[in-house]
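Architecture at a glance
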Amino acid sequence: MINCMVKDLNRTEGHQPLACILTELKDTEDSILQFQVNYALQALQYVPDDESTLQAVLRFAGGVTMGTVGVASICKLDPTNLFNSLDTLRQAAGQSYEVTKSILEAKEVSQKGCSGAMQSLLKGIRAGTRHEWYLTLLAGRMFVRDGRLADFKYTVREAHCRNKRSFQMGVCQILAEIAVDPLWDLVTRRHAVDFLGALYINNGGWKPHPDVKQWILVILAQLSGLSDAIVDAVKEHATSVLQAQNHDGIAIDPSSYPLMSRLPWPESFPLLIRAQKISYVEHDLHMLMKRRLEEAQLQIYISPMAKANLRAPDDELFPLMENVQEFLASDRQVMLILGDLGSGKSTFSRRLEHLLCTEYKRGGPIPLFINLAAIDNPQHDMVSKQLQFHNFNDDQILELKLHRQLVLICDGYDESQLMVNLHRTNSLNQPGQWNTKMIISCRTQYLGQSYLDRFRPQLTDRYKLAPQSVFQEAVIAPFSKEQIQSYIDKYVPLEPSPLCKHNYMYMLNTIPTLMDMVRNPFLLLLALEALPDIVKNTQDLSTIKIARVQLYDTFVNHWLNVNKRRLRGNTLSKEDFDVLEQLEEAGFTAMGVDYSTRLATAMYNHLKGRAIVKYVHLNDKTTWRAEFFGPDPEIRLLREASPLIRSGSYYQFLHRSMLEYFYSCTVVGSRRFESDDEHYPQSDIDSIDVQSLDPACPLFTRDLLTEPSVVQFLSERVQENPSFKTQLFNIIEGSKSDASLAMAAASSITILAKAGVVFRRHDFRGIRIPGADLSGAQFDSAQFQGADLTNVNLGMSWLRNSDFSNAHMEGVQFGELPYLEHPDGVFATCLQLV
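Residues numbered from 1 in each chain as written. Predicted model: local features only at pLDDT ≥ 70, side-chain atom pairs only at ≥ 80, totals over all residues. Heavy atoms only, no water.

As annotated in an unreviewed UniProt entry, the protein carries the name WD_REPEATS_REGION domain-containing protein and is attributed to Linnemannia gamsii.

**Examining the packing of helix α26 (residues 548-569) against helix α32 (residues 656-664)**
Heads up, the condition is: Here an angle of 0 to 180 degrees is reported between the N-to-C directions of two axes, which are lines fitted to C-alpha atoms, with helices fitted over the stretch in contact. Runs of E in the DSSP output that reach at least two residues are strands. Runs of H or I that reach at least four are helices, and both are numbered from the N terminus. Working definition: roughly parallel below 35 degrees, roughly antiparallel above 145 degrees, roughly perpendicular at 65 to 115 degrees, and oblique for all remaining angles. By the convention used here, residues are in contact when the closest approach between their heavy atoms is within 4.5 Å. Nonpolar residues are Ala, Val, Leu, Ile, Met, Phe, Trp, Tyr, Cys and Pro. Charged residues are Asp, Glu, Lys and Arg, and all others, Gly as well, are polar.
It is at 11 Å that the axes of α26 and α32 come closest, and there the two elements cross at 95°. The angle between the axes of α26 and α32 places the two elements in the roughly perpendicular class. Taken together, the residues of α32 that come into contact with α26 (itself represented by Val549, Tyr552, Asp553, Phe555 and Val556) are Ser657, Met658, Tyr661 and Phe662. Across the contact of α26 with α32, the residue classes tally to seven nonpolar, one polar and one charged.

**Some points on the side chain of Ser596**
Secondary-structure assignment places Ser596 in helix α28 (residues 588-607). Beyond its immediate stretch of four places on either side in the chain, Ser596 contacts Ser642, Pro643, Phe653 and Phe662.

**Description of the packing of aromatic side chains**
The geometry of an aromatic ring pair is captured by two quantities: the separation of the ring centres and the angle between the planes. Operational definition: Paired rings are identified among Phe, Tyr and Trp, the last through its six-membered ring, by centres lying within 6.5 Å, and are further divided according to the angle between planes into stacked (under 30 degrees), edge-to-face (over 60) and tilted (the rest). A simple rule labels every residue: compare its accessible area, found with a 1.4 Å probe on the protein chains alone, to the largest value its type can have, and call it buried under 20%, exposed over 50%, or partly exposed in between. Either the NZ atom of lysine or the CZ atom of arginine qualifies as a charge over a ring when it sits within 6 Å of the ring centre and within 35 degrees of the ring normal.
Scanning the model with the defined rule gives 26 aromatic pairs in all. Between the aromatic rings of Phe779 and Phe784, the centroid separation amounts to 5.3 Å while the plane-to-plane angle is 70°, which identifies the pairing as edge-to-face. You can call Phe779 buried: its relative accessible area is 0%. An aromatic cluster of at least three residues, connected via ring pairs, comprises Phe522, Tyr552, Phe653, Tyr661, Phe662 and Phe713. Positioned above the aromatic ring of Tyr200, the side-chain terminus of Lys213 is 4.8 Å from the ring centre.

**Description of the sheet that holds strand β3 (residues 334-339)**
Quick reminder of the rule: Here the rule is simple: two strands pair whenever DSSP picks up at least two bridges between them.
With respect to topology, seven strands assemble into an open sheet ordered β2-β1-β7-β3-β6-β5-β4, the strand pairing being mixed. Only two strands of the sheet have a single partner each, and these edge strands are β2 (318-319) and β4 (366-371). The pairing of strand β5 (residues 405-411) with strand β6 (residues 435-443) spans six bridges and is parallel. For Val407, the partnering residue across the bridge sits in β6 and is Lys437.

**Quick look at the pattern of salt bridges**
Convention followed: Only one rule defines a salt bridge in this text: a Lys or Arg side-chain nitrogen within 4 Å of an Asp or Glu carboxyl oxygen.
The final tally for this structure, using the stated rule, is 23 salt bridges. Residue Asp553 pairs with Arg717 through a salt bridge whose shortest N-O separation is 2.8 Å. Of the two residues, Asp553 is situated in helix α26 and Arg717 in helix α34 (residues 708-720); the sequence distance between them amounts to 164 residues. Residue Asp553 is classed as buried on the basis of its relative accessible area, which comes to 6%. Here the residues in one salt-bridge network are Arg292, Glu295 and Glu353, joined through shared partners.

**What about the pairing of β4?**
Counted residue by residue, β4 has six buried out of six residues, so it is predominantly covered. Of the two faces of β4, the one lined by Ile366, Leu368 and Ile370 and the one lined by Pro367, Phe369 and Asn371 are each fully buried. The pairing of β4 with β5 spans six bridges and is parallel. Counted as the bridge partner of Pro367 is Val407 from β5.

**Notes on the nonpolar core**
Here is the rule: Put simply, a nonpolar core is a bunch of buried Ala, Val, Leu, Ile, Met, Phe, Trp, Tyr and Cys residues held in one set by side-chain atoms that sit within 4.5 Å of each other.
The biggest cluster of nonpolar side chains holds 111 residues, and the ones touching the most others in it are Leu508, Phe759, Ile769 and Leu774. Setting aside chain neighbours within four positions, we find Leu508 in contact with Ile484, Ile488, Leu514, Met515, Val518, Leu524 and Leu531. Of all hydrophobic cores here, the second largest spans 46 residues; its members include Leu137, Phe167, Tyr200 and Ile216.

**A short note on the pairing of strand β7 (residues 471-476)**
Burial within β7 is extensive, with six of its six residues counted as buried. The two faces of β7 match: Phe471, Glu473 and Val475 on one face and Gln472, Ala474 and Ile476 on the other face are all buried. As judged from the five bridges shared by β3 and β7, these two strands associate in the parallel manner. Looking at the pairing, Met335 lines up with Gln472 of β7.

**Overview of unusual backbone geometry**
You will see that Thr513, though not glycine, has its phi angle at about 65°, which is positive. Within the secondary structure, Thr513 sits in the loop between α23 (501-510) and α24 (514-517). Positive phi values are uncommon outside glycine, yet Asn791 reaches one of about 60°. Here Asn791 lies in the segment after α36 (742-754). Its relative accessible area of 45% is what places Asn791 among the partly exposed residues.

Dropping the structure here:
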């Protein structure tokens, strides 16, 4: 590469990967190959790259200046003064140069026209990796090239590095090339053979290394066995010199590394090509950390408190971040962070990633944030999929898999329905597999205590250890009043609002039940956004009644109106302006809600409820995605106004709960939206006919029992909408005669039960509600004769005088079984059926 004048090689994409590949060969037991590798690594440092000298010096700031280097002696290649100059460099070996820009410029001018190799000496020893033996060999080769063999001999005998194995190996190779090269006269070639013999018997003022002595014998053996292309006198001389040596039992393999007088100029550089295909892993990791820090959209953050598990007392709390850092420093391998919807799990996970990226050290554990909702089939090698997403190639992924530890921050377990049963996962913490620590966040509703009680024995069986040695839990606690106040203190300066932080706290304390509701961080954000609209024109705040779903209604209404005004304030094209006018005439807020509702339905239908959609126009313009993310002006304006966020080709709602909120709206929408649209149709959902529920809505087409958050939204609609309540009762009644309504009936009665509806003396004879969740419901004197109650959850429900005659009750759950303490053994029982 040097001889072919390769220049401007990219330092990070050429030099470092090539050095990495060469370094892989350094551990070979073949001493000759090891020398060749070391020589190539030294030479690589003198291939010009795209980094300026000043940049290199600043990158390796040191304390030795170049003012004492004998520039003229080196440039003139005076062998006597050469060693004085090299001695100065040798004393500075292992250190870097601190060179001012003016000195560098002066030196570069003085070196103009000199040999490229010697000129590069003045660039400085980078990180102490440039060795004197290579520079001396390089000077020796230049003497040989110029026919100055006496200077070459003097250099060999007087060099400070003459006892270095690599220097001795290089000298032997130069002498072998002279002996085999027909361009040299016969006398010179024989002298080269004699020089090899003298070096073997320590007649050169040096101490030959055993590997060097073997290398000399191999060279002499090869010279003795060459074809007629070499003069017989040289062959005979080499044979006699070889026979005169005491081999000391050293093995000789004349077939290894055949001699050549000179290598042909390469037409390509295979090693360089390979290096450029393999990006430097550590460099790419550094760039990933930098990119993740730059992309971080840090929200208002209040450090969460947590408790040890779901059964731990609520007053035994600890800082979650400190607990996670203790986990990372321990031998445990899995940490599960539980929390309710909107409790701040994702915000914490991203804050943790930001912290670990900031603290990342070369060779240390690699933080890798994985949004499980964005990965297809995350059960199958989700680590490789995430690294591929960050543009790591297969070779890099394999290197990380075999040699590095990763900290996996897995967010959105409940969104992907990933099986966390590690006893089934063969890709983590096994020989030859990923070495990881896993931090998994999940909603409490999806991974509760009953699951964890089954999960711990699986860990015990998998690792043959006590569960506490590999598994750790934490449950995020609701905000305290102090944390709410801290959040408001950070929120108020960011949002233009007529309200101050004192007004917010007053309203949260005065509006009934609101303070308890906003102990959830996401609901607190919605409340702060929506409060100006909620309290508008209301004199007595204590009369305001607001449920969680109404916070979402108000927030969405506020969001769409604000973004409508933003779009109108932008400089729009004539086409966009006309489309915006048409949307306003149709009711911009209603159109925006309809867009988000249809998008949520499509995400559930096509993505099984995953919260992230990828859209690449050229790939997806003929798919369902184009209906929501295509370039059509109407689609684009509604998308820009909707509560969506975009990251590259990926789109998602502001929060997972927003997706579930809009999906619930496909069953029954909000009671009303307030809008400043002149033509916006104000409606009262109480007037909707009880038979008007769409038979194609999710209540009839999807098992909503697997979506507890959607059920919760719909249960709150029951409390504000009597017509919806009536419709649900009609579906339950219809299941008596229509078996196809069983799934819808199970969801309907679950929604009613979660809404707190009392079923006292209700006639449920013959209903079909398999799998319904009726825990905590009141069924005093209810009639269930002949009903299909398969797998129904009746835990903690009130069942006094309820009649279950002839009901199908396979798998019914009543919660904790009743028991009686008795001091003596029990030998017989009697069960009386009433």
